[in-house]
Amino acid sequence: MRFLVIQHSQKEHAGAFRAMFERDGHQLVTCNAPLEIDHVDLSNIDGLWVLGGPMQVWQTGELPWLASEIEVIRHALLDRKMPYFGICLGHQLLAHVLGGKISQADESEIGLLHVDKLGHPQLLSGVSSRFPCFQWHSAEISQVPAGAEILAASGSCGVQAMQWGETASSVQFHAEMDSGTLRNWYEIEDCEEMLRQEIGHDAVDRVFDDLAALETELSSLQTSLYTNWMSRITN
C-alpha cells in the first residue's frame, strides 16, 4: 500500500513507524507541507498520515499553505473516504476538518508524561490502561466532532486519542517518538533550547536516558497503534 505522510518539517517524520511500514512492504510518500502541499496528488494513495508541527490550527491567515493542507485533508477524508492517522497537530486537524473545536490549552503538556485509556478501545488494544508517551502541545481539542469517540485522556487534556468512523484515528501525543527521532528534532533550529525553557535543563539532560528506560513500553505502544490501525483499514 502507498501512504501519504504530511510533515511540517523535514526533521519531524514518522519516526519509529517508518520501520514498520518498510517491514510490511508499504511505501511512504512524504510531503513537506509548507513547501509542497499545493502539489499533493492523492491518486494511488491508500491512506493519509498527518504529523505534528509548531504551528496552530487557527493560523491559516498567517500560513496560507495550512489552509491548503486543511482542504487536502477534507478532500481525502470526506470525498475519497481515505483512511487517516493523525499525530499531535494531525490529531487537531482531523477534529477541525470534521467540525470540532481547537483551543489554547489551559496547561501545556511537554515531555514524557502518562495517558489513561478510556474503556477498551480497539485502537489501543494491547496498550496498558495507563501508558507513557512523549508530549509537546499547547493547544487541544476542546470539542470533539459529531460522531467521534474519545479513546484516551490525561489530567491536563481530555482528548488524547480519538476515533471517527472505522478508519480515521488520531492521537495528541507523539506516538512516533524514539531516541533517533528526538535527535532529528534537535537538528531543528532552537528546538533543544525551547525544550529546555519548557521543562528545565535537568529534564532535558536526562531525556535520552528516560527514553531508553521506556523503550520497551514505547515500542509496544507504537506496535499496537500501527497493528490495530492497519487491521481496521485492511479488514
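Rules and cut-offs
- Residues numbered from 1 in each chain as written.
- Predicted model: local features only at pLDDT ≥ 70, side-chain atom pairs only at ≥ 80, totals over all residues.
- Heavy atoms only, no water.
- Helix = DSSP H or I, 4+ residues; strand = E, 2+ residues; numbered from the N terminus.
- Buried < 20%, exposed > 50% of the residue type's maximum accessible area, 1.4 Å probe, protein only.
- Contact = heavy atoms within 4.5 Å.
- Expected span 1.5 Å × (residues − 1).
- Arc of directions from axis to C-beta.
- Pairing = 2+ DSSP bridges.
- Axes fitted to C-alpha atoms, helices over the stretch in contact; angles between N-to-C directions.
- Core = buried A, V, L, I, M, F, W, Y, C linked by side-chain atoms within 4.5 Å.
- 1 Å grid on protein atoms, 1.4 Å probe; cavity = no way out; pocket = protein on both sides within 12 Å on 5 of 7 lines; lining within 4 Å.
- Points joined across faces, edges and corners; volume = space filled by probe spheres on them.
- Nonpolar A, V, L, I, M, F, W, Y, C, P; charged D, E, K, R; others polar.
- Phe/Tyr/Trp six-rings, centres within 6.5 Å; stacked < 30°, edge-to-face > 60°.
- Lys NZ or Arg CZ within 6 Å of the ring centre and 35° of its normal.

With that settled, consider the environment of L42. Mapped onto the fold, L42 is located in the loop between helix 2 (33–36) and strand 3 (47–50). Taking relative accessible area as the criterion, L42 reaches 6% and is therefore assigned buried. The sequence separation of L42 and V72 amounts to 30 residues, and the corresponding C-alpha distance is 8.7 Å. In contact with L42, not counting residues within four places along its chain, are L4, V72, H75, A76, R80 and M82.

With that settled, the discussion passes to helix 3 (residues 64–79). For helix 3, spanning 16 residues, the distance from its first C-alpha to its last is 22 Å, which sits close to the expected 22 Å at 1.5 Å a residue. If you check which residues of helix 3 are buried, you get W65, L66, E69, I70, V72, I73, A76 and L77. Seen end-on, helix 3 carries its buried residues on one side only, within an arc spanning 160 degrees. Among the exposed residues of helix 3, those oriented more than 90 degrees off its buried face are P64 and D79. Tucked inside the fold, the buried residues of helix 3 contact strand 1 (2–7), helix 2, strand 3, strand 4 (84–87), helix 4 (89–97) and strand 9 (168–171). K81 sits one or two residues past helix 3 and shows a positive phi near 55 degrees.

Hydrogen bonds along the backbone pair up the strands of a sheet, which may run parallel or antiparallel. One open sheet holds the nine strands; their spatial order is 2-1-3-4-9-8-7-5-6, and the pairing between them is mixed. Lying at the two open borders of the sheet, with one neighbouring strand each, are strand 2 (27–32) and strand 6 (130–143). Pairs of neighbouring strands in the sheet enclose a mean axial angle of 20 degrees, with direction left out of account. Relative to strand 6, strand 5 (residues 101–117) runs antiparallel, the two being bridged by 12 bridges. Residue pairing across strands places D116 opposite R130, the latter belonging to strand 6. Against the sheet, helix 3 makes contact with strand 1, strand 3, strand 4, strand 8 (161–164) and strand 9, and its axis sits at roughly 145 degrees relative to strand 3, the strand it touches most.

Our focus in this paragraph is the nonpolar core. In terms of nonpolar packing, the biggest core is built from 33 residues, with I6, L48, I73, L77, Y84 and L93 touching the most fellow members. At the level of secondary structure, the elements contributing two or more residues to this core comprise strand 1, strand 3, helix 3, helix 4 and strand 6. Among the elements that make up this core, the one with the highest residue count is helix 3 (seven residues).

The next point concerns the layout of surface pockets. Its volume calculated, the largest pocket comes out at about 520 Å³. As for the largest pocket, its lining consists of 24 residues, of which G53, P54, M55, W136 and M194 are closest to the centre. Broken down by secondary-structure element, the contributors of at least two residues to the lining of the largest pocket are helix 4, strand 5, strand 6 and helix 6 (191–199). Sorting elements by how many residues they give to the lining of the largest pocket places strand 6 first, with four residues. Per-class residue counts for the lining of the largest pocket are 11 nonpolar, 10 polar and three charged.

The subject of this paragraph is the packing of aromatic side chains. A full pass over the atoms with the stated rule returns 13 aromatic pairs. The interplanar angle of 55 degrees and the centroid separation of 5.8 Å between the aromatic rings of F3 and W229 together place this pair among those described as tilted. On the criterion of sequence distance, the pair formed by F3 in strand 1 and W229 in helix 9 (residues 215–234) is long-range, its members being 226 residues apart. For the residue pair F3 and W229, the accessibility class agrees, reading buried in each case. Here a set of aromatic residues connected by ring pairs shows up, and it is made of F3, F17, F21, W49, F85, Y226 and W229. Looking at R183, its charged tip hangs above the ring of F208, at a distance of 4.6 Å from the centre.

Taken by themselves, the reported measurements are silent on function.
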